[in-house]
Structure formats: structure tokens, C-alpha cells
Amino acid sequence: MIDDPTYVSEYEHGVVRVFLADSQLAMDIGHTGTYDRLFTALGVDQLDAAQIQQVQTRILKTDMVDAMSLREFLREGYDVRDEDLAKYGPALDAAEADDNLILILRTGAFLSRPVTLTTDGEAKLIATLREQNATVSFKPLPNPDPDAVVEDPPQKKRPSDAAMSGRIATLALLVMGLLVWLMIWIAG
């Protein structure tokens with residue numbers, strides 16, 4: 001359950017927020033093609049445009065997209081939970097009744113987090129939906145002996161002085177053998 005739909009936490013994932021854009025915001029997005037005014041409307045510094053989808057409700061009702069409702073669009077396109085769609089159904093249906101611009105923002109759209117959104121101005125929050133795979137639960141790891149002392153992993157043994165001397169001697173013999181071979185080759 002989402003306690004405060006206007007708060008986007010640093011660790012949030014799998015949440016889809018549906019906004020109803022007022023006519024001024026819709027006109028600005030339509031004419032400029034930028035989301036600058038949306039940034040101001042939501043009270044954020046920046047958004048990832050790839051995580052924002054614009055839906056014109058009149059287009060959903062045409063045969064171009066097989067005439068689906070906004071609820072069906074969210075269910076199929078974002079795989080949101082049915083219980084969330086039922087909870088926000090009346091608001092989604094009301095937004096769909098007229099020709100409106102709907103903005104759908106996934107959690108990834110909010111680049112600066114945590115943030116508390118302004119959601120009652122030009123972009124009115126009408127639904128906060130969770131994706132099917134958004135549930136994360138943390139369970140404590142089993143600890144058979146809570147009083148046990150955690151030890152550092154064993155350190156790799158340092159080679160002994162005798163082993164190092166042997167390696168140096170082997171290297172010296174190889175270099176001398178190479179020099180002998182080089183002198184025979186030059187002389188020959």
C-alpha cells in the first residue's frame with residue numbers, strides 16, 4: 001500500500017502515477033513538445049521523458065487502438081494491479097468521459113528523489129497504481145547462533161623467505177642460460 005501518493009521515495013519502484021492535465025498544461029505540452037511546464041506543475045527539477053506517456057482519451061475510444069477504456073489501457077500497458085484499478089476506477093472513468101490529456105509517469109520518471117509532488121494544480125493526480133511485480137519484502141537472514149563472533153576471512157599466506165629465494169634463484173638461472181645461448185648463437 002502506498003501511504004502518501006504524492007511522496008516519491010528514494011527506493012520506490014513499480015509505481016505508476018496517472019495525472020489529468022488541465023487545458024493550459026495540455027496546450028503547452030501539445031505546442032512546445034516539452035515538459036517544462038509539467039516540471040513546475042509537479043514541483044520537480046527534472047523528469048525522464050522516456051518514462052512519461054501522454055494519452056489523449058478521445059484516441060483511446062477510436063478504432064485505431066481497438067477502442068479500449070483507460071482502465072484496460074493501464075492494465076495491458078502497465079500491468080497494474082486489479083485492486084488498484086478498482087479503487088481508482090471512478091476517477092479514471094471521470095477523466096475518460098471528456099477529451100482530456102492523461103499523463104502516465106512511472107517511478108523512473110522522477111530523477112531527483114526523494115520528492116514530494118504538487119498534485120492539485122495544472123497536473124491533478126487521479127490514480128496511484130502499483131505494477132504486479134512491485135512487491136518487495138525483506139526477511140531477516142537466518143542466524144543459527146546469534147552469539148557467534150563473526151571472524152574475518154582467512155588471509156592468504158605470505159610466501160616464506162626460502163620460497164622467495166628459490167624463485168629468485170630460478171629466475172637467475174634462466175637469465176644466465178639465455179645469455180649462454182645468446183653468446184653461442186653470436187659466436188656460431
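Just so it is clear, the structure is predicted and the values come from calculations on it, not from any experiment.

Asks: Would you mind showing me how to read the side chain of R17 here?
Replies: Mapped onto the elements of the fold, R17 is located in strand β2 (residues 15-21). There is a polar contact of 3.2 Å between the side chain of R17 and the backbone oxygen of Y7. A polar side-chain atom of R17 sits 2.8 Å from a polar atom in the side chain of E12.

Asks: Please explain a nonpolar patch on the surface as it appears in this structure.
Replies: Residues L171, V175, L178, L179, W181, L182, W185 and I186 make up a contiguous nonpolar surface patch of roughly 910 Å² in combined accessible area. In this fold, W181 is placed in helix α6 (residues 161-187).

Asks: Is there a simple way to explain unusual backbone geometry in this structure?
Replies: With the exception of glycine, most residues fall at negative phi, and the peptide bonds are largely trans. Residue P114 is bonded to the preceding R113 through a cis peptide linkage, with omega at 0 degrees. A positive phi angle, close to 50 degrees, is found at D79, a residue other than glycine. Of note, D79 is situated in the loop between α4 (70-78) and α5 (82-97).

Asks: Whenever I open this one, the pattern of salt bridges confuses me. Can you help?
Replies: Charged atoms that come close allow side chains of opposite charge to pair. For the structure on display, the rule yields 7 salt bridges. For the salt bridge of D93 with R71, the shortest nitrogen-to-oxygen distance reads 2.7 Å. Placement of D93 in helix α5 and of R71 in helix α4 is noted, with a sequence separation of 22 residues between them. Of the residues examined, D93 reaches a relative accessible area of 36% and is grouped as partly exposed.

What counts as what
Residues numbered from 1 in each chain as written. Predicted model: local features only at pLDDT ≥ 70, side-chain atom pairs only at ≥ 80, totals over all residues. Heavy atoms only, no water. Helix = DSSP H or I, 4+ residues; strand = E, 2+ residues; numbered from the N terminus. Polar contact = N/O pair within 3.5 Å; in protein donor to acceptor, adjacent residues only side chain to side chain. Patch = residues over 30% accessible without salt bridge, like charges linked within 9 Å, V, L, I, M, F, W, Y side chains within 5 Å. Areas by Shrake-Rupley, 256 points an atom, 1.4 Å probe, with all protein chains shown as cover. Salt bridge = Lys/Arg side-chain N within 4 Å of Asp/Glu carboxyl O. Buried < 20%, exposed > 50% of the residue type's maximum accessible area, 1.4 Å probe, protein only.

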